[in-house]
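These are the residues of each chain, in order.
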Amino acid sequence: MQASQHVPFLCPAGHRLDAGNVIVGWSPCVCPPCNNRGRGLRGHRTYLCLPCKDEHVTTKCYLPHHVPAQGADYRWP
Ligand SMILES: [Zn+2]
Ligand SMILES: [Zn+2]
């Protein structure tokens, strides 16, 4: 399962999100890419960049990439 552990992107600040540089988490979501996944898989794997955290910047990457639903523009009650 090594391949699925590979994180194929850099954080926006250019840090490689290698093991040891990242805290992997989970964020439930129902955006279209998540909705296409199976039951119980609707969410993003989140990668929190630790080098950024050292610089007091919170950089979180999402896999699959988060795509806001069409027509779900910011709308406040
Ligand atoms: Zn970073
Ligand atoms: Zn999402």
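Fair warning: this is a prediction, and the values are worked out from it, not measured in the lab. All chains use their own residue numbering, which begins from 1 and follows the written sequence. For this description, chains carry letters from A and ligands carry numbers from 1, given in the order in which they are written. Residues qualify for local features only when their pLDDT is at least 70, as the model is predicted, and side-chain atom pairs are given and counted only at 80 or more; totals for whole chains, interfaces and linings, by contrast, use all residues.

### Structural notes on the overall build of the protein
Then step 1. Secondary structure counts use DSSP, requiring at least four H or I residues in a row for a helix and at least two E residues in a row for a strand, with both numbered from the N terminus. For the protein, the count of helices and strands is three helices and three strands.
Then step 2. Taken from the N to the C terminus, the helices and strands of the protein come in the order α-β-α-β-α-β.
Then step 3. Partitioning the contacts of the protein with sequence separation of at least 6, the portion at a separation of at least 24 is 46%. By the criterion used throughout, residues are in contact when their C-beta atoms, derived from the backbone, lie within 7 Å.

### Re the nonpolar core
Then step 1. Throughout this description, the term nonpolar core refers to a group of buried Ala, Val, Leu, Ile, Met, Phe, Trp, Tyr and Cys residues whose C-beta atoms join them within 7 Å. To assign burial, the other C-beta atoms lying within 10 Å of each residue's own C-beta are counted, with C-beta atoms placed from the backbone; 20 or more indicates buried, 12 or fewer indicates exposed, and intermediate counts indicate partly exposed. Counting five residues, the largest nonpolar core is built from C11, L17, V22, Y47 and C49.
Then step 2. Residues in contact with C49, not counting those within four places in the same chain, are C11, H15, L17, N21, V22 and T59.

### Description of the sheet that holds strand β2 (residues 43-49)
Then step 1. One requirement defines pairing of two strands: DSSP has to find at least two bridges between them. Across the sheet, three strands lie side by side as β1-β2-β3; this open sheet has antiparallel pairing. Across the chains shown, the open sheet's two edge strands, defined by having one partner strand only, are β1 (22-28) and β3 (60-63). Taking the axes of each pair of neighbouring strands and ignoring which way they run, one obtains an average angle of 30° across the sheet.
Then step 2. Both β2 and β3 contribute to a ladder of four bridges, which runs antiparallel. Looking at β3, one finds that T46 is bridged to Y62. Under this scheme, a helix contributes an axis fitted over its contacting stretch, all axes are lines through C-alpha atoms, and angles between N-to-C directions fall in the 0 to 180 degree range.

### Here's the deal with the environment of P28
Then step 1. Inspection of the secondary structure puts P28 in strand β1.
Then step 2. For P28 and R42, which are 14 residues apart along the polypeptide, the C-alpha to C-alpha distance reads 6.0 Å.
Then step 3. Setting aside its immediate chain neighbours within four residues, P28 contacts R42 and G43.

### A short note on the environment of V24
Then step 1. Inspection of the secondary structure puts V24 in strand β1.
Then step 2. Separated by 23 residues in sequence, V24 and Y47 place their C-alpha atoms 4.7 Å apart.
Then step 3. Sequence-distant contacts of V24, that is, excluding residues within four places in its chain, are made with R45 and Y47.

### A few points about the confidence of the model for the protein
Then step 1. In predicted models, pLDDT denotes the confidence assigned by the predictor to each residue on a 0 to 100 scale. On average, residues of the protein score 82 in pLDDT, and 79% of them are at 70 or above.
Then step 2. Taking the mean pLDDT of every element in the protein, the minimum, 47, falls on helix α1 (residues 2-5) and the maximum, 95, on helix α3 (residues 50-54).

### A closer look at the environment of L17
Then step 1. Mapped onto the elements, L17 comes out in the loop between α1 and β1.
Then step 2. Between the C-alpha atoms of L17 and L48, which are 31 residues apart in sequence, the distance is 8.5 Å.

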